[in-house]
Amino acid sequence: VTAARQPPYYYPFKHGDAEITVVSDGPLPLGNPAANFVGASPAEIAAMLNRNFLPPDDLVLEQNAAVVKLGSRTMLFETGMGTLKLFGETTGRLLESMKEAGIKPSEIDAVVCSHAHIDHVGGVCDDSGHPYFPNAEVFINEEEFKHWTDESRLNSDFGVQVANARKNLLPVKDRLSFFKDGQEFLPGVQAMAVPGHTMGHHCFIVSSAGKSFCLLGDTTHHQVLLLEKPWMNFAYDADPKLSAKSRIRVLDMVATDRIPVMAYHFAWPGFGHVGRDGDGFRYFPAPMQLLKA
Ligand SMILES: [Zn+2]
C-alpha cells in the first residue's frame, strides 16, 4: 500500500436533512496515556487499551471536524490545530481535507467551537491574523472567550492556550457571536452547557426532519478510556470532578435517547452511538453510509 492510494480524509453522509462531511485535521498523538488520563493506574490504563487492541503506550486522538449543511447554513464545527505543531506534523490538515471533499473555505458561513483549547480554535486564523473562513461568523460561549483571551493569564500554566486563543479569536472579534446554554443559535442547532473540561465548554444538538445528533466536543476524549471508566479525568480538565459529572450526564442522555454522536476525538470518523456497558459506556461506530450519486 502506498500513501498515494490511501483514501482522502473526509466522509460525507446524511442524518435527517443535515448533510454532514467529516473533515479531519489529522491525528493528534498524545504519547503516554497515563500522563494524560488520571483516575486509573498506568497498568489498568494499559490493560484497557490492550483489551481494545490499541497500543498501550502511544495514545492518539483523532480530530474529526465536521461541516454540516442544514437549511441555508454551511457550518464548520471545530477548526483543529492550525499551524501549531505542538503535537507533531500530523495535525493541521483541515484545509487539505476540505479541499479533498470539494468544500471551499469561502462556503463556510458559521464556525462553531465547543471551547477555546488549541485543537478546537487553532484553525480560525492564519499566522498573520487573517481568518481562514472569510465569510464565517464565529460562534463560542462568551465566558469561554473572555477566560481564554484574558491577557493577565498569559503567564499562567495555561499560557500557551491563552496565547493561541488570543491569536485565533481576537482578529475575528467583530464577527464573534456568543451562544448560551439551551439556545438555538443557528437553525436546528442547540447549545448545551457541558462544563468541567473548560468552564464554558458546550455540546451541540443538531435536529432536522425528526432526527438529532450530538456533537460532543471534548465531553469525552477517548472511545475507550473515558467511556469504560467515565469518572476518570483528562489531565487538562479545568474542574475534573465537574467534567466527569457533565460527561456522565451527556453520555446517559445520548444512550437513553439513542441519539447518535459526532465525537471530535474518537477513532475516525467518530460518528456512532454510545450505549451503557456495565457501570460505564461503550462506543458503537456507525456503519459506512453509501450516498447515491
Ligand atoms: Zn480537544
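Computed from a predicted structure; not experimentally measured.

Student: Please explain the environment of Pro-42 as it appears in this structure.
Tutor: Along the chain, Pro-42 turns up in helix 2 (residues 42-51). By relative accessible area, which is 55% here, Pro-42 ends up exposed. Remark: the alpha-carbon pair of Pro-42 and Pro-56, spanning 14 residues in sequence, is separated by 9.3 Å.

Student: How should the coordination of the zinc ion be read in this particular structure?
Tutor: Ideal geometry at a metal gives 109.5 degrees between four tetrahedral donors and either 90 or 180 degrees between six octahedral ones. At this site the zinc ion is bound by Asp-119 (OD), His-120 (NE2), Asp-218 (OD), Asp-218 (OD) and His-265 (NE2), with donor distances of 2.1 to 2.8 Å. Motif for the zinc ion, donor spacing along one chain: D-H-x97-D-x46-H. Here the residue His-120 occupies a position in helix 4 (residues 118-121), and His-265 occupies one in the loop between strand 16 (261-262) and strand 17 (271-277), the gap between them amounting to 145 residues. With respect to burial, His-120 and His-265 carry one shared label: buried.

Student: Where do I start with the environment of Ala-35 in this structure?
Tutor: In this fold, Ala-35 is placed in helix 1 (residues 33-36). Ala-35 sits in the partly exposed class, given a relative accessible area of 48%. Distance from Ala-35 to Val-67, taken between C-alpha atoms, is 32 Å for residues 32 residues apart in sequence.

Student: I keep staring at the nonpolar core and nothing clicks. Help me out?
Tutor: The nonpolar side chains of soluble globular proteins are, as a tendency, buried together. Among the nonpolar cores identified, the biggest contains 26 residues, and Leu-76, Ile-108, Val-111, Val-124, Phe-133, Ile-140 and Leu-169 are the most heavily contacted of them. For this core, the elements supplying multiple residues, two or more each, are strand 6 (64-70), helix 3 (94-100), strand 9 (137-141), helix 5 (142-148) and helix 6 (159-169). Here this core takes three residues from helix 6, the largest share from any one element. Those residues within four positions of Val-111 in sequence are excluded, and the remaining contacts are Leu-76, Thr-79, Phe-133, Ala-136, Glu-137, Val-138 and Phe-139.

Student: What is the right way to read unusual backbone geometry from this model?
Tutor: When glycine is set aside, most residues are seen to have a negative phi, and most peptide bonds are trans. Cis geometry is found at the peptide bond from Trp-268 to Pro-269, where omega equals -5°. One can find Pro-269 in the loop between strand 16 and strand 17. Even without being a glycine, Phe-53 presents a positive backbone phi close to 60°. Here Phe-53 shows up in the loop between helix 2 and strand 5 (59-61). When its relative accessible area of 79% is taken as the criterion, Phe-53 is described as exposed. Positive phi, normally seen in glycine, also occurs at Arg-258, with a value near 55°. Structurally, Arg-258 is set in the loop between helix 8 (240-256) and strand 16. Accessibility expressed as a relative area gives 69% for Arg-258, which makes it exposed.

Student: Please explain empty space enclosed by the protein as it appears in this structure.
Tutor: Gaps left between atoms show up when a probe the size of a water molecule is rolled over them. Counted according to the given criterion, the structure contains one cavity of 30 Å³ or more. Contributing to the lining of the largest cavity are Asn-64, Ala-65, Ala-66, Phe-77, Glu-78, Phe-204, Leu-215, Leu-216, Gly-217, Met-262, Ala-263 and Tyr-264. Ranked by residues supplied to the lining of the largest cavity, first place goes to strand 6 with three residues. In terms of residue class, the lining of the largest cavity is built from nine nonpolar, two polar and one charged.

Student: Would you take a moment to explain the sheet that holds strand 1 (residues 10-15) for this structure?
Tutor: Backbone hydrogen bonds hold the strands of a sheet together, and the pairing may be parallel or antiparallel. With respect to topology, seven strands assemble into an open sheet ordered 1-2-6-7-8-9-10, the strand pairing being mixed. Pairing within the sheet leaves two strands with one partner each, and these edge strands are strand 1 and strand 10 (176-179). For this sheet, the mean inter-axis angle between neighbouring strands, taken without regard to orientation, is 25°. Relative to strand 6, strand 2 (residues 18-24) is paired through six bridges, and the arrangement is antiparallel. In the strand pairing of strand 6, Val-23 is matched with Ala-65.

Student: Got a minute to help me understand the sheet that holds strand 16 in this structure?
Tutor: Read from one edge of the open sheet, seven strands run 11-12-13-14-16-17-18, paired in mixed fashion. Both outer strands of the open sheet, strand 11 (184-186) and strand 18 (280-285), are each paired with one neighbouring strand and no more. In terms of strand pairing, strand 17 meets strand 18 through six bridges, oriented antiparallel. Within strand 18, the residue paired with Gly-272 across the bridge is Pro-285. Strand contacts of helix 8: strand 12 (189-193), strand 13 (202-208), strand 14 (211-215), strand 16, strand 17 and strand 18, with the helix running at about 100° to strand 17, the strand carrying the most contacts.

Student: Help me understand the packing of aromatic side chains in this model?
Tutor: By the definition in use, this model includes 14 aromatic pairs. Taking 5.3 Å as the distance between ring centres and 85° as the angle between the ring planes, the aromatic pair formed by Phe-179 and Phe-204 counts as edge-to-face. Taken together, the residues span a long stretch of sequence, with Phe-179 in strand 10 and Phe-204 in strand 13 at a distance of 25 residues. Accessibility assignment for this pair places Phe-179 and Phe-204 in one class, buried. Pairing Phe-185 with Phe-204 gives two aromatic rings, centres 5.8 Å apart and planes at 65°, and the pair type is edge-to-face.

Parameters and conventions
Residues numbered from 1 in each chain as written. Predicted model: local features only at pLDDT ≥ 70, side-chain atom pairs only at ≥ 80, totals over all residues. Heavy atoms only, no water. Helix = DSSP H or I, 4+ residues; strand = E, 2+ residues; numbered from the N terminus. Buried < 20%, exposed > 50% of the residue type's maximum accessible area, 1.4 Å probe, protein only. Donors = N, O, S within 2.8 Å, 3.2 Å for Na, K, Ca; no water. Core = buried A, V, L, I, M, F, W, Y, C linked by side-chain atoms within 4.5 Å. Contact = heavy atoms within 4.5 Å. 1 Å grid on protein atoms, 1.4 Å probe; cavity = no way out; pocket = protein on both sides within 12 Å on 5 of 7 lines; lining within 4 Å. Points joined across faces, edges and corners; volume = space filled by probe spheres on them. Nonpolar A, V, L, I, M, F, W, Y, C, P; charged D, E, K, R; others polar. Pairing = 2+ DSSP bridges. Axes fitted to C-alpha atoms, helices over the stretch in contact; angles between N-to-C directions. Phe/Tyr/Trp six-rings, centres within 6.5 Å; stacked < 30°, edge-to-face > 60°.

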